Amino acid sequence: MVEMLGVLAVIGVLSITGIAGFKTAMDKHKANELLQNALMRASVISPKILTGRIPTLSDFSNLKNDSALFDENVVTNIGNRFGIKVSKVKESVCKNILNMKNNIIFIARQVSVTGLTELKTSDCSGDDNSFYFVFNNNLTPFSPMCTTNNDCISGQTCQDGQCVCKNGKVEAINGYYIDFNHSKMCCSPEMVINGYCCRTIIENDDGTRSCCMSPNSTCCPAGSFWSDYDNACHSCDEPGDIQMQNANSSASCRFCPNRVALYNFCRTECPNPEMILVDRYCTCPLEKPYLNTTTNECFGLDELSLNKSYSINNRYKKGKNGEWVYDNTREYMCRFLKDNPHYYCGGGMMAKCTDNQISTKLGNLCKTCDQVDLTTIKFQSQCEFCNGTWDGENWFTGSCTP
């Protein structure tokens with residue numbers, strides 16, 4: 001009898017151990033399933049955001065998960081990132097998620113225009129956990145934003161790999177100037193609207209607040225933007241493309257979540273599906289940065305036609321954390337001329353010449369060296385190709401003499 005009880009006890013222990021092991025395996029499976037579901041949703045959302053479109057609920061109708069409830073709305077007001085909220089997540093699945101995450105995903109307990117609060121294991125409790133899967137808009141990996149204070153903007157210190165503003169201020173896009181150099185600044189929280197630090201805020205009749213977006217201090221009401229072409233406010237929902245005076249002024253429509261900018265127009269969408277959206281500006285991809293402004297086609301350097309002018313449409317480069325950094329310097333814009341003299345670069349435009357020609361003036365394109373005044377040459381590669389003498393600090397700044 002005693003022996004039989006012993007056998008039954010052993011069987012009971014093994015059964016409990018087996019059940020526990022099965023439950024652990026199921027929790028890991030559910031966590032992995034939830035993670036993969038979030039990645040699938042992100043792959044649907046990312047190209048829409050980059051091309052200026054807003055994801056709709058129908059995008060996710062075939063993506064279901066029994067381990068969590070996905071929120072119907074995508075959070076897009078967190079800089080160049082978007083968030084997918086989940087709730088009803090059990091504690092064990094929540095903790096497993098944190099052990100499985102990769103560098104494409106940041107798992108946040110809270111998100112806002114001012115930053116992200118990372119989800120910790122200690123935050124997982126009970127059967128109704130909520131958190132956000134956060135992705136960079138272009139699905140590039142996350143990495144620490146800083147290692148020292150020198151990696152941060154003025155007014156920030158580096159804390160735990162994150163740049164943090166001092167004196168209670170928060171990081172926001174500089175909204176003081178209507179242009180495309182979207183630098184960051186530390187801003188008083190009450191002056192931040194939709195991620196922008198406003199110089200002036202207006203109180204609207206409906207109780208909402210909005211940035212003053214006009215360069216001449218004429219403030220447009222919420223949900224509208226200023227056009228300096230007809231000196232009037234236009235609704236963000238107004239149909240069709242709205243003309244502006246120039247490319248810089250068209251940046252004012254970046255405050256409209258359903259509009260994009262390209263040259264001197266505020267558009268309803270980018271004219272070319274190849275274009276990506278950088279700070280709501282229609283931009284050719286990095287590998288094809290040159291734009292035919294007549295057809296709105298994007299080209300790579302090797303695809304250019306001879307003796308034809310193109311706009312240098314992509315004036316951005318990737319920063320150390322995968323973010324877009326605006327760079328309008330000659331060194332970056334004309335980088336293809338460092339080692340190849342057979343191009344023109346200037347005024348945001350470029351052109352391609354044959355292997356025995358160069359160009360130093362737009363509109364008066366490709367010529368042989370004997371047809372060019374060497375003193376007009378602005379790049380070392382062209383100067384040396386024409387047997388001139390280059391006197392300069394670097395390849396893009398100096399003078400050429402015969």
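Everything quoted here is computed from the prediction, not taken from an experiment.

(A) Just the overall build of the protein chain, in detail. In terms of helices and strands, the protein chain carries 5 helices and 29 strands. Per-residue burial for the protein chain yields a buried fraction of 44% across its 402 residues. Of the contacts formed within the protein chain by residues at least 6 apart in sequence, a portion of 44% connects residues at least 24 apart. Total accessible area on the protein chain stands at roughly 20,900 Å², and carbon and sulfur atoms take up 50% of it.

(B) Looking closely at the state of the cysteines. On inspection of all chains with the given rule, the structure shows 8 disulfides. Each sulfur in the disulfide pair Cys 334 and Cys 345 lies 1.8 Å from the other. Where Cys 334 bonds to Cys 345 through sulfur, the torsion about that S-S bond is close to -70°, and the disulfide is left-handed. On the criterion of sequence distance, the pair formed by Cys 334 in the loop between α4 (330-333) and β26 (343-346) and Cys 345 in strand β26 is long-range, its members being 11 residues apart. Both residues of the pair, Cys 334 and Cys 345, count as buried. Two residues share a disulfide in this structure: Cys 353 and Cys 366, whose sulfurs sit 2.1 Å from each other.

(C) Molecular detail of the pattern of salt bridges. The tally for this structure, following the rule as stated, stands at 6 salt bridges. The residue Arg 109 makes a salt bridge to Asp 123 at a minimum N-O spacing of 3.5 Å. In this pair, Arg 109 sits in strand β3 (residues 106-112) while Asp 123 sits in the loop between β4 (115-118) and β5 (129-136), placing the two residues 14 residues apart along the sequence.

(D) View of the sheet that holds strand β9 (residues 184-187). Here we have 4 strands laid out as an open sheet, ordered β9-β8-β11-β10, and mixed in their pairing. At either end of the open sheet lies a strand with only one pairing partner, and these are β9 and β10 (192-193). Inspection of the sheet shows strand β8 (residues 170-174) paired to strand β11 (residues 196-197) by 2 bridges, in the parallel sense. Note on β11: the bridge partner recorded for Ile 173 is Tyr 196.

(E) A look at the sheet that holds strand β21 (residues 290-292). Here 5 strands make up an open sheet; going across it, the order is β22-β21-β23-β27-β26 and the pairing antiparallel. Two strands bound the open sheet, and with one partner strand each, they are β22 (297-299) and β26. Adjacent strand axes in the sheet meet at a mean angle of 35°, parallel and antiparallel pairs treated alike. Bridge count for β21 against strand β23 (residues 309-312) is 2 bridges, and the pairing is antiparallel. Each bridged residue has a counterpart across the sheet, and for Leu 291 the counterpart in β23 is Ser 311.

(F) Quick look at the packing of aromatic side chains. Throughout the structure, instances matching the rule amount to 7 aromatic pairs. Taking 5.4 Å as the distance between ring centres and 20° as the angle between the ring planes, the aromatic pair formed by Phe 82 and Phe 135 counts as stacked. Taken together, the residues span a long stretch of sequence, with Phe 82 in strand β2 (residues 81-89) and Phe 135 in strand β5 at a distance of 53 residues. Take Phe 82 and Phe 135: they sit in the same class, and that class is buried. Residues Phe 336 and Tyr 343 carry aromatic rings whose centres are separated by 5.4 Å and whose planes lie at 65° to one another, so their mutual orientation is edge-to-face. Residue Phe 336 shares its accessibility class with Tyr 343, and that shared class is buried. Taken together, the ring pairs connect Tyr 290, Phe 336 and Tyr 343 into an aromatic cluster.

(G) Local environment of the nonpolar core. Ranked by internal contacts, the top residues of the largest apolar core, which has 24 residues, are Leu 34, Phe 131 and Phe 133. Considering each element in turn, this core owes the most residues, 7 residues, to helix α1 (residues 2-50). With 18 residues, the next largest nonpolar core counts Ile 242, Cys 253, Leu 277 and Cys 284 among its residues.

(H) Highlighting unusual backbone geometry. Of note in the backbone geometry, Asn 296 takes a positive phi value of approximately 60° without being a glycine. Along the chain, Asn 296 falls in the loop between β21 and β22. A relative accessible area of 15% places Asn 296 in the buried class.

Definitions and cut-offs
- Residues numbered from 1 in each chain as written.
- Predicted model: local features only at pLDDT ≥ 70, side-chain atom pairs only at ≥ 80, totals over all residues.
- Heavy atoms only, no water.
- Helix = DSSP H or I, 4+ residues; strand = E, 2+ residues; numbered from the N terminus.
- Buried < 20%, exposed > 50% of the residue type's maximum accessible area, 1.4 Å probe, protein only.
- Contact = heavy atoms within 4.5 Å.
- Areas by Shrake-Rupley, 256 points an atom, 1.4 Å probe, with all protein chains shown as cover.
- Disulfide = S-S within 2.5 Å.
- Salt bridge = Lys/Arg side-chain N within 4 Å of Asp/Glu carboxyl O.
- Pairing = 2+ DSSP bridges.
- Axes fitted to C-alpha atoms, helices over the stretch in contact; angles between N-to-C directions.
- Phe/Tyr/Trp six-rings, centres within 6.5 Å; stacked < 30°, edge-to-face > 60°.
- Core = buried A, V, L, I, M, F, W, Y, C linked by side-chain atoms within 4.5 Å.

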